[in-house]
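Working through the structure, step by step
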Amino acid sequence: GTGAPYAVDTIELPFENPTNALIICGGNDFLSDGSAVIGTMQGDVWRVEGLDQPMDRPGTARWTRIAAGLHHLQGVVVENDEIYGLGRDQITRLHDINGDGEIDFYECFSQAYETSAAGHDFICGLERDAAGNFYTVSGNQGLLRISSDGQQAELLATGFRNPDGLCTLPDGTVTIPCSEGTWTPASMICAVRTPEAPSEHVQHFGHGGPRDGQPPQLPLAYLPRTLDNSSGGQVYVDSNRWGPLEGQLVHFSFGAGTHFLVLRDAVDDQLQAAVVPLPGDFRSGVHRGRFRPQDGQLY
């Protein structure tokens, strides 16, 4: 890319491949050797090597399908080179037992959450905090914190319409996108302060109608339709390669194929934000993003 101050470089997808597998990316993370792990909506997991080519002398990224047959992968987390894939049915931990680079054993790590029979309500976004807990979100059930052993799921908030991802912040706050529709007047970014211990108080952000006769919680920000008609997830900027934006939040748009800077604030304990378009367009809508530890860049 030639944009400034941030440039967008495109790594081509191998649409022509030996098994004619479709590739609709649903999640990404990185192994310790710098290669990427990509989960797809079709249930495949790909390993991508060759990302360290100099941008002025680009080379060829090598894609290898290392797993197949999972269900609607919409989130990937890599921890100590262990790969966790978020499916519509379960979180699957993938094992390469013989060390040949391909997955030999598919372990059901967690079925603690409820799935959804609705064709337009997916289980989207997988994050993990420093204590080892996992987070995911759906319109059917809401924001969930799953224990580090995968056995328990704690409901933290409800009322999200078609939430396509989420982000965990260093202070324990979780951000969730929603797309406009029933009980959601415009696409929006919500923010939930997660309690350290289980709590009976579950915040509600509107979708599904009022709860207990109370108005819904206010979002972090509403997004006008002309800017974002279908919201993706967010990513926290933990890289000093992004200069003055380190420590800020980036929001993705699936509908507009672009991204935004989210400037957060709190007034009288009410979280709020301003949303600023960032330069650069992508070739398709954006669901997920990760900063790669090896180069500090956003993928």
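Before any of the text, the structure's been laid out above.
In this report, the structure presented in the accompanying data block is examined. Each chain has its residues counted from 1, following the order in which its sequence is written. Residues qualify for local features only when their pLDDT is at least 70, as the model is predicted, and side-chain atom pairs are given and counted only at 80 or more; totals for whole chains, interfaces and linings, by contrast, use all residues. Calculation of side-chain values draws on the structure's entire complement of heavy atoms; hydrogens and water are dropped beforehand.

Points about the packing of aromatic side chains
Stacked, tilted and edge-to-face pairs are distinguished by plane angle, under 30 degrees for stacked and over 60 for edge-to-face with tilted covering the rest, among Phe, Tyr and Trp rings (Trp via its six-membered ring) whose centres lie within 6.5 Å. The final tally for this structure, using the stated rule, is 8 aromatic pairs. Plain terms: the ring middles of Trp46 and Trp63 are 6.1 Å apart, the flat faces sit at 70° to each other, and that makes the pair edge-to-face. With Trp46 in strand E3 (residues 45-49) and Trp63 in strand E4 (residues 62-67), this residue pair connects regions lying 17 residues apart in the sequence. Summary of the burial criterion: residues with accessible area below 20% of their type's maximum are buried, those above 50% are exposed, and those between are partly exposed, where the area comes from a 1.4 Å probe applied to protein chains only. In this structure Trp46 comes out as buried when scored by relative accessible area, which is 4%. Here the aromatic rings of Tyr84 and Phe134 are separated by 5.0 Å at their centres, their planes lie at 55°, and the arrangement is tilted. Here Tyr84, found in strand E6 (residues 82-86), pairs with Phe134, found in strand E10 (residues 134-138); they are 50 residues apart in sequence, far enough to count as distant. Each member of the pair, Tyr84 together with Phe134, is buried. Every helix listed is a DSSP run of H or I at least four residues long, and every strand listed is a run of E at least two residues long, numbered separately from the N terminus.

Some details on the layout of surface pockets
We place a 1 Å grid over just the protein atoms. Points where a 1.4 Å probe fits but has no way out form a cavity, open points with protein on both sides within 12 Å along at least 5 of 7 lines form a pocket, and any residue with an atom within 4 Å of a point lines it. Grid points are joined across faces, edges and corners, and a volume is the space filled by probe spheres set on the points. Of the pockets and cavities examined, the largest pocket occupies roughly 1,400 Å³. Lining the largest pocket are 42 residues; nearest its centre among them are Asp9, Ile11, Phe282, Leu298 and Tyr299. The set of elements that each furnish at least two residues to the lining of the largest pocket consists of strand E1 (25-30) and strand E2 (36-40). The classification used treats Ala, Val, Leu, Ile, Met, Phe, Trp, Tyr, Cys and Pro as nonpolar, Asp, Glu, Lys and Arg as charged, and all other residues, Gly among them, as polar. Residue composition of the lining of the largest pocket, by class: 23 nonpolar, 11 polar and 8 charged. Empty space within the second largest pocket amounts to approximately 510 Å³. Lining of the second largest pocket is provided by 19 residues; of these, Asp29, Glu127, Arg128, Asp238 and Arg290 occupy positions nearest its centre. Elements supplying a minimum of two residues to the lining of the second largest pocket: E1, strand E5 (76-79), strand E9 (124-128), strand E13 (167-168) and strand E18 (231-236). Classifying every residue of the lining of the second largest pocket gives 10 nonpolar, 3 polar and 6 charged.

Re the sheet that holds E2
Pairing between two strands is assigned when DSSP locates at least 2 bridges connecting them. Strand order in the open sheet made by the 4 strands is E1-E2-E3-E4, with antiparallel pairing throughout. The open sheet has two free edges, formed respectively by E1 and E4, since each of these has just one partner strand. Between one strand axis and the next, the sheet turns by 25° as a mean value, whatever way the strands run. Two elements, E2 and E3, share 4 bridges in a ladder whose sense is antiparallel. Bridge pairing links Ala36 to Val48 in E3. For helices, the fitted axis covers only the stretch in contact; all axes are lines through C-alpha atoms, and the angles between them, taken along N-to-C directions, range from 0 to 180 degrees.

As for the pattern of salt bridges
In the sections that follow, a salt bridge refers to a side-chain nitrogen of Lys or Arg positioned within 4 Å of a carboxyl oxygen of Asp or Glu. The full count for this structure, using the stated rule, is 14 salt bridges. With a shortest N-O distance of 2.9 Å, Glu154 and Arg145 are connected by a salt bridge. No difference in accessibility class separates Glu154 from Arg145, as the two residues are buried. Salt-bridge contacts for Arg292 lead to Asp295; the nearest nitrogen and oxygen are separated by 3.0 Å. Of the two residues examined, Arg292 and Asp295, each falls in the buried class. Each of Asp29, Glu127 and Arg290 takes part in salt bridges that share partners, so that together they form one network.

Taken by themselves, the reported measurements are silent on function.
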